[in-house]
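Observations on the model geometry
Single-letter residue listing:
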Amino acid sequence: MNLNNFHQYVSPKIYTRGEEYYDHDMIDNIGQDQPDTWTAEVSGSSLYSVEIKLESDEIVSWNCNCPYDYGDICKHVVAVLLYIKNNKDRHPAPAKIPHSPQQEQLTEILKLTNHKELTAFLSQYADTHPDFYQALSSSLHPQKKRKAPVDYEKAIQKCFHVKNAYDMPDYPYKGKAIFYKLNGYIENAKSLLKLNCKEEALTILLCIVKKAEDNYEKYEDYDDELGSVCREVWRTIVEMIESGLPDNLLKILMDEINRMIEEALKNNPNASRTHSLVISKIEFLKSAHKKEEVEKVMTNYLHIPAIREIKLTELLSTKQYPQALALLDEGISLAEKQGLSGIVSDWKDQKLSVYQLTDNREKVIELAEDLFVNGRERMKYYHILKTVIPSGQWATYLDDFLLKSGKQKTGGIGGHVFAQIYIKEACWDRLMDYVEKNIRLGIYCSLEEYESHLRSRYPARMLAFYRSQIMDYAAKNMGRDYYKYIADVLKTMKEYPGGTEMVNSLVAHFKSIYPNRRMMIEELEK
């Protein structure tokens, strides 16, 4: 089997998948470690290592650490063989250096030794042999072995060259290939940090964020793979700062963050990623104990609700309530000018919490009434009002308040809110009135939450309601699903006192006026 005919020894399905991996540029770090021994990494649902040995074009052996066990050659090996076949001339073989018998024997031993075993041996031996440690460090430390700086921007951009990988039929995890490649660079940065190579580590981390931002829209990060990578980068940078980042590197970091923020504000000022960049900058400055700079950033970006929230939390934690209220009033005014009703409600809710903390009963009532009409969680404000209105005044207050609230249409209060209050207050006559005036039976309508309260209290009115509604419903709707619903309602009616007689009368009525609705008759006879 050789590079020109190996396709004959592979199943067509595996060969096609291997071609797709090759065509989608999912092969990295490929080269010859020794003459005719090729190694590579292939991205898939994980990152897999491949080793292939050749004699000229003859394939001597191959190995991949993927879990494929349905045949001899997996798609990752196929992809690497295709790469070698088409690019062999671009990778000159390393020169063969004559080895002593001892070196040759050591080479064979190393072939049979896995990475963990070798690392463990080197660590233990270096720990007890200072001269060996010095030689190893001098030879392999990244600051000493690197002759030229790495172009990380170019290298990390290459991680995104799998741009069409999402179309691959056997590629279920969108962004996994990118994730594994970028995560490898993050791990490299962490190793560099442990070796005190902070500048190079920071360069890698900032390049990852920059390229992730550049490519984010293109890749539509449905599975949040890029988001996960960026969060890990930010966590690592915070750890760098907390361990002691020199001022010159902190300046590089801040300059890059400022550039990204300005670009984000220009392109999409209201995007959540724009806001998260500002929050990241604040976190970095806090980690560096730059209190004055933190205050400046928050002042500059108070128009962003998330930043105002951070400032508000700080003020409340130190019980600076007047300043907190002023901050909230400013936020409400700004949101009202921008037509952001949801943000207005959020700030008013925060303001209500401050008044509760300061026992300002009058303001609590005022804001709770406002938010009941215009806020999101109306029942929350009903409960707040009930705690601050004296019990002896509550019944009269509630009558007046519900009447007034029902007339305010701007908040779009749904009748179900009033119904929930009737249940809480045990106002059963009002709940029955509400059902009769507002509920219309249908497939997507349920009376369950009300019926349990009304069945035993108003059986005759409930039966009359059902009768009127189901007759109207039958007149307006045709089809098997509608007829099944009519039958279900009739079953419910039979459970009421006197319900069986009424249902029998209705069934006879429907059969007499709808004799041609065969499916209706079938459902009624069931």
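It should be noted that the structure appears before, not after, this text.
Residues numbered from 1 in each chain as written. Predicted model: local features only at pLDDT ≥ 70, side-chain atom pairs only at ≥ 80, totals over all residues. Heavy atoms only, no water.

Examining the overall build of the protein
Helix and strand content of the protein: 26 helices and four strands. Structurally, the protein occupies a C-alpha span of about 105 × 70 × 45 Å along its principal axes. When the 526 residues of the protein are sorted by exposure, 42% land in the buried category. Within the protein, counting contacts between residues at least 6 apart in sequence, those at least 24 apart form 59% of the total. (Helix = DSSP H or I, 4+ residues; strand = E, 2+ residues; numbered from the N terminus. Buried < 20%, exposed > 50% of the residue type's maximum accessible area, 1.4 Å probe, protein only. Contact = heavy atoms within 4.5 Å.)

Observations regarding helix α17 (residues 361-374)
An α-helix turns once per 3.6 residues; consequently, residues spaced three or four apart project the same way. An ideal rise of 1.5 Å per residue puts 20 Å on 14 residues; α17 measures up with 20 Å between its terminal C-alpha atoms. Those residues of α17 not exposed but buried are V364, I365, L367, A368, E369, L371, F372 and V373. Against α16 (341-357), α18 (378-388), α19 (391-407) and α20 (415-424) lie the buried residues of α17. (Expected span 1.5 Å × (residues − 1).)

Quick notes on empty space enclosed by the protein
All told, the structure shown has one cavity of 30 Å³ or more when counted by the stated rule. There is about 50 Å³ of room inside the largest cavity. L302, H303, I304, P305, R308, G331, L334, A335, Q338, L340, I343 and W347 together form the lining of the largest cavity. Elements supplying a minimum of two residues to the lining of the largest cavity: α14 (305-317), α15 (321-337) and α16. Counting residues per element, the lining of the largest cavity draws most heavily on α15, at three residues. Grouping the amino acids of the lining of the largest cavity by side-chain chemistry returns eight nonpolar, three polar and one charged. (1 Å grid on protein atoms, 1.4 Å probe; cavity = no way out; pocket = protein on both sides within 12 Å on 5 of 7 lines; lining within 4 Å. Points joined across faces, edges and corners; volume = space filled by probe spheres on them. Nonpolar A, V, L, I, M, F, W, Y, C, P; charged D, E, K, R; others polar.)

Some thoughts on the packing of aromatic side chains
For the coordinates displayed, the defined rule picks out 15 aromatic pairs. Look at F6 and Y15: their rings are 6.0 Å apart centre to centre, the planes differ by 50°, and that puts the pair in the tilted class. For the pair F6 and Y15, one class covers both residues: buried. An aromatic cluster of at least three residues, connected via ring pairs, comprises F372, Y382, W394, Y397 and F401. One cation-aromatic arrangement involves R457 over W428; the distance from NZ or CZ to the ring centre is 4.2 Å. It is R461 that lies over the ring of Y458; its NZ or CZ is 5.4 Å from the centre. (Phe/Tyr/Trp six-rings, centres within 6.5 Å; stacked < 30°, edge-to-face > 60°. Lys NZ or Arg CZ within 6 Å of the ring centre and 35° of its normal.)

Some thoughts on the pairing of strand β1 (residues 27-34)
Here β1 runs beside strand β2 (residues 37-43); their pairing, made up of five bridges, is antiparallel. Bridge pairing in β2 links G31 to T39. Connecting β1 to the antiparallel partner β2 that follows it, the hairpin turn spans two residues, and D36 within it adopts a positive phi of roughly 65°. (Pairing = 2+ DSSP bridges.)

Description of the pattern of salt bridges
One pass over the full model with this rule turns up 30 salt bridges. Measuring nitrogen to oxygen at the nearest pair gives 2.8 Å for the salt bridge that ties E256 to R259. Here the residue E256 and the residue R259 both occupy positions in helix α11 (residues 247-267), the gap between them amounting to three residues, near one helical turn. Using a relative accessible area of 16% as the deciding quantity, one classes E256 as buried. In this structure, the salt-bridge partner of E330 is R308, at a minimum N-O distance of 3.0 Å. (Salt bridge = Lys/Arg side-chain N within 4 Å of Asp/Glu carboxyl O.)

Re the side chain of R308
You can see R308 is positioned in helix α14. In terms of polar contacts, R308 uses its side chain to reach the backbone carbonyl oxygen of L302, at 3.2 Å. In contact with R308, other than residues within four places in its own chain, are L302, H303, L327, E330, G331, L334 and W347. (Polar contact = N/O pair within 3.5 Å; in protein donor to acceptor, adjacent residues only side chain to side chain.)

Remarks on the state of the cysteines
Within the structure shown, the criterion is met by zero disulfides. C64 forms no disulfide, and the closest cysteine sulfur to it belongs to C66, at a distance of 3.7 Å. C64 sits in the buried class, given a relative accessible area of 15%. (Disulfide = S-S within 2.5 Å.)

Quick notes on unusual backbone geometry
One non-glycine residue, N196, adopts positive backbone phi at about 65°. Relative to the elements of secondary structure, N196 occurs in the loop between α8 (176-194) and α9 (198-219). Backbone geometry places H289, a non-glycine residue, at a positive phi of 60°. Looking at the element boundaries, H289 is found in the loop between α12 (272-287) and α13 (291-300). Relative accessible area serves as the criterion here: at 71%, H289 is assigned to the exposed category.

Concerning the sheet that holds strand β3 (residues 47-55)
The strand order β1-β2-β3-β4 describes an open sheet built from four strands, whose pairing is antiparallel. Lying at the two open borders of the sheet, with one neighbouring strand each, are β1 and β4 (58-64). Along the sheet, successive strands turn relative to each other by an average axial angle of 20°, direction set aside. Most of the contacts of helix α2 (residues 75-87) go to β3, to which it runs at about 50°, and overall it touches β1, β2, β3 and β4. (Axes fitted to C-alpha atoms, helices over the stretch in contact; angles between N-to-C directions.)

Brief notes about the packing of helix α25 (residues 499-513) against helix α26 (residues 518-525)
Contact geometry for α25 and α26: axes closest at 10 Å, N-to-C directions at 160°. The angle between α25 and α26 places the two elements in the roughly antiparallel class. For the element pair α25 and α26, the recorded crossing hand is left-handed. Two secondary-structure elements touch here, α25 through V507, F510 and K511 and α26 through M520, I521, L524 and E525. Taken together, the residues that form the contact of α25 with α26 break down as five nonpolar, no polar and two charged. (Parallel < 35°, antiparallel > 145°, perpendicular 65-115°, else oblique. Left-handed = near helix turned anticlockwise from the far one by under 90°.)

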